[in-house]
Amino acid sequence: MRPISVRRIVLVLFLAAAALVAPSLPHARACSCAVYDVRERLPEAAGAFVGTLVSRDDPQPTGNVFSSATLVRYRFQVERAVKGDIPSGTIDVWSSGSGASCGLETPVGQRTGLLLRHEDGRWLSSLCEQADPDVLIRAGQPLPPATGKAPPAVLIGTTHGPGRMVSLDGLGRVIAYGGGDGIATDIAFCPGAGRVAEAYSPPYGGPSSPGPGVAVRKSDGLDVVWERLLGADGGPDGASIADVACLDRDGGTVLVLAVRHNYSETSVSHRALVLAYGPRGEADVLWQGEATTGTFSADGRAVYLNGGNDGRDLQAVELADPAGPSAQTLGRLPAGTGALTISPGGRYLAGVTTHEYWSGTDTPPPSAAVVVDLSTSPAGVSEAGLASSYGQYGAALWVGADRILFAPRWAGNPVRLFDTALRETGRWDGWSSSAATVVGDTLVGLDGPKVETAPVASGPATRWADLESGVPGAIAAFPDGAAIGSAGRPTTTPSAPAKAASEKNATTSAPTPTTTGATAVPATTNPPPTAPDGAASGDVVASAPNSGGGTSGRPLLAGGAGAGLLAAGLAGLIRRRRGPKLA
């Protein structure tokens, strides 16, 4: 499973792009800028350069009124022209006088990169057209050749102009670039890891939004085998993809958990739909109901849901139930729990309370780490406080079967290690990442165009690879892939992928876990079996994850009767039903 923070951030950035405020609007009160791919935006710019701000004019009042939207002159010393007829020496650029109206926010003496527009004989730019100078310089050059060598170590969803995915070897070198529009937000390896499924969001700022989609690629060259848009095949309008799972070796059946959140003055409604996609024909609707988010089991036979309007009902939907998929309550989650990640072996779920869909009038409680023990009935839930505030995002990663790592998205918050009882076993500082995974005993994180690594137990973070100028989406460890720092040695410590939120402003004292039965209502189902009834023993092969942190520990089927079962979309176990779009 992938870091839930990534999908949330993608959604936030998409909304920000839609609400982008032009710098010349006189009534603008604030500026919201979407993170963008510099390499993709550069062809649209009239000019671009890297330089240092020398001086800026003060805004002058119109009558007796100062407006933050008034254009003022910024003078830069040009270091390097990237595009257009940029003079040597100095250049004058006009922008709003305040960052509140998307004016440039570069202090005098600071180096920056700028994309430019040319209007009425003047160069114009804005806060939303500033770029990291080194990233802009790279974007003005051809895409670097792939020099990495198999086996790969990680697969990364990140845009790079003409594509949205890249694979790296153990030394951080690019093995292959994967094409496609939009931003890869979720990664799921197919059994055998020869192919990989991905969910992707639409590109930002386009004339029309095609909605999210799902694609299957070859793992070696990252060529797209097939892809489909969610809305084109029975998917709910306005929905996003919470999780994706690949069921067979050739990627012929991909499961999608689609969610849609409707907000009103009085209530919030969260609808969910499980769809089965293939390269041809419309998607099959397997189940629909109410949930805020969820995650597929490693074998794709079940989905765990944060069910109900408030996401507090932990539910399991057995997609392979001969009587037809239906949600069965396992327990009760703490308020605000985000998507959960599955441990190797499938006994535990881990996550964090982000309170993303909090609808109360008071302030949400502080965020907490959450672990669910599925071996009890009802499922047992442990909580451990992470910080003094709420809304903390990051990644919940399994390191082996009995350690949980919470990697923060924001700088200034510690990485924390817990055991399955949520007793803190270690912490260290100096880490932040948009998406993270574990390769062996190494933490790997994506933060914009840079990739950092760190020993799981102690840090510190080290710059490992520099990618192109893209928007970060997702990161996943290849099953049995190369170790970080090695050109071929396989990883030794399996870990489950991350798909949960972490914490910022963490406290310095170790949290005290509390353990309770999740609900007084007995659970009506157990965690799904690792193989279908009747499958031959030879059908079960080495496990492979359907997401980002290495092997999941739950076996997948390949070969014999099991392969045919999965290739048919769990035919004979799933009663596939065509259903309506979400109301």
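Criteria and thresholds
- Residues numbered from 1 in each chain as written.
- Predicted model: local features only at pLDDT ≥ 70, side-chain atom pairs only at ≥ 80, totals over all residues.
- Heavy atoms only, no water.
- Helix = DSSP H or I, 4+ residues; strand = E, 2+ residues; numbered from the N terminus.
- Contact = heavy atoms within 4.5 Å.
- Areas by Shrake-Rupley, 256 points an atom, 1.4 Å probe, with all protein chains shown as cover.
- Buried < 20%, exposed > 50% of the residue type's maximum accessible area, 1.4 Å probe, protein only.
- Polar contact = N/O pair within 3.5 Å; in protein donor to acceptor, adjacent residues only side chain to side chain.
- Pairing = 2+ DSSP bridges.
- Axes fitted to C-alpha atoms, helices over the stretch in contact; angles between N-to-C directions.
- Disulfide = S-S within 2.5 Å.
- Salt bridge = Lys/Arg side-chain N within 4 Å of Asp/Glu carboxyl O.

Asks: What's the story with the overall build of the protein in this structure? I'm lost.
Replies: In terms of regular secondary structure, the protein is built from four helices and 36 strands. Taking the contacts inside the protein whose residues are at least 6 apart along the sequence as the reference set, 59% of them involve residues at least 24 apart. Here the protein has roughly 21,700 Å² of accessible surface; of this, 52% comes from carbon and sulfur atoms.

Asks: Just checking my understanding: could you explain the side chain of Arg-217 for this structure?
Replies: Structurally, Arg-217 is set in strand β12 (residues 213-218). A residue is classified by how much of its surface remains accessible, and Arg-217, at 0% relative accessible area, is buried. In terms of polar contacts, Arg-217 uses its side chain to reach the backbone carbonyl oxygen of Gly-179, at 2.5 Å. Side-chain polar atoms of Arg-217 contact the backbone oxygen of Leu-222, separated by 2.8 Å. Sequence-distant contacts of Arg-217, that is, excluding residues within four places in its chain, are made with Arg-164, Met-165, Gly-178, Gly-179, Gly-194, Arg-195, Val-196, Glu-198, Leu-222, Asp-223, Val-224 and Val-225.

Asks: Would you mind showing me how to read the sheet that holds strand β29 (residues 435-439) here?
Replies: The strands making up a sheet associate through hydrogen bonds between their backbones, and the pairing can be parallel or antiparallel. With respect to topology, four strands assemble into an open sheet ordered β29-β30-β31-β32, the strand pairing being antiparallel. The open sheet has two edge strands, β29 and β32 (462-466), and neither has a second partner. Ignoring strand direction, the axes of neighbouring strands in this sheet form an average angle of 25 degrees. In this sheet, strand β30 (residues 442-447) lies alongside β29 in antiparallel orientation, the contact comprising five bridges.

Asks: Looking at this structure, how should I read the state of the cysteines?
Replies: Chemically, a disulfide is nothing more than a covalent bond linking the sulfur atoms of two cysteines. Applying the stated criterion across every chain yields a total of three disulfides. Put simply, Cys-31 and Cys-102 are joined by a disulfide, and their sulfur atoms are 1.9 Å apart. Between Cys-31 and Cys-102 the sulfur-sulfur dihedral comes to about 100 degrees; the bridge is accordingly right-handed. Taken together, the residues span a long stretch of sequence, with Cys-31 in the loop between α1 (4-18) and α2 (38-41) and Cys-102 in the loop between β3 (90-96) and β4 (111-119) at a distance of 71 residues. Numbered by order of appearance in the sequence, the disulfide-linked cysteines of the protein pair as 1-3, 2-4, 5-6.

Asks: Mind showing me how you'd approach the pairing of strand β1 (residues 47-56) here?
Replies: Taken together, the six bridges between β1 and β4 define a ladder with antiparallel strand orientation. Counted as the bridge partner of Val-50 is Gly-113 from β4. As paired strands, β1 and strand β2 (residues 71-83) are joined by eight bridges and run antiparallel to one another. Counterpart to Gly-51 in the pairing with β2 is Val-78.

Asks: Is there a simple way to think about the pattern of salt bridges in this case?
Replies: Between side chains of opposite charge, a pair can form as their charged atoms come close. Evaluation of the coordinates by the stated rule reveals 22 salt bridges. Taking the shortest distance from any N to any O, the salt bridge between Arg-164 and Glu-227 comes out at 3.3 Å. Within this pair, whereas Arg-164 is found in strand β8 (residues 163-169), its partner Glu-227 is found in strand β13 (residues 224-229), the two being separated by 63 residues in sequence. On the accessibility criterion, Arg-164 (1% relative accessible area) is buried. For Glu-227, a relative accessible area of 36% translates into the label partly exposed. Asp-169 is the partner of Arg-173 in a salt bridge, and the nearest nitrogen-oxygen pair spans 2.7 Å.

Asks: Would you take a moment to explain the sheet that holds strand β27 (residues 415-419) for this structure?
Replies: Read across the sheet, four strands follow the order β25-β26-β27-β28 without closing on themselves; strand pairing throughout is antiparallel. Unpaired on one side and paired on the other, β25 (394-399) and β28 (424-428) mark the two borders of the sheet. Between one strand and the next, the sheet's axes are offset by a mean angle of 20 degrees, whatever the strand orientation. Two strands pair when backbone bridges link them, and β25 and strand β26 (residues 403-408) are joined in this way by six bridges, in the antiparallel orientation. In the sheet register, Trp-398 faces β26, and the bridge partner there is Ile-404.

Asks: I'm lost on unusual backbone geometry in this one. Help?
Replies: Residue Ser-377 is joined to Pro-378 through a cis peptide bond whose omega torsion reads 0 degrees. Residue placement: Pro-378 occurs in the loop between β23 (368-373) and β24 (380-385). Omega for the bond connecting Gly-459 with Pro-460 falls within 30 degrees of zero, at 0 degrees, which places this linkage in the cis form. Tracing the backbone through its elements, the reader meets Pro-460 in the loop between β31 (450-455) and β32. One non-glycine residue, Cys-102, lies in positive phi territory at about 70 degrees. One non-glycine residue, Ala-193, adopts positive backbone phi at about 65 degrees. Relative to the assigned elements, Ala-193 resides in the loop between β10 (183-189) and β11 (195-201).

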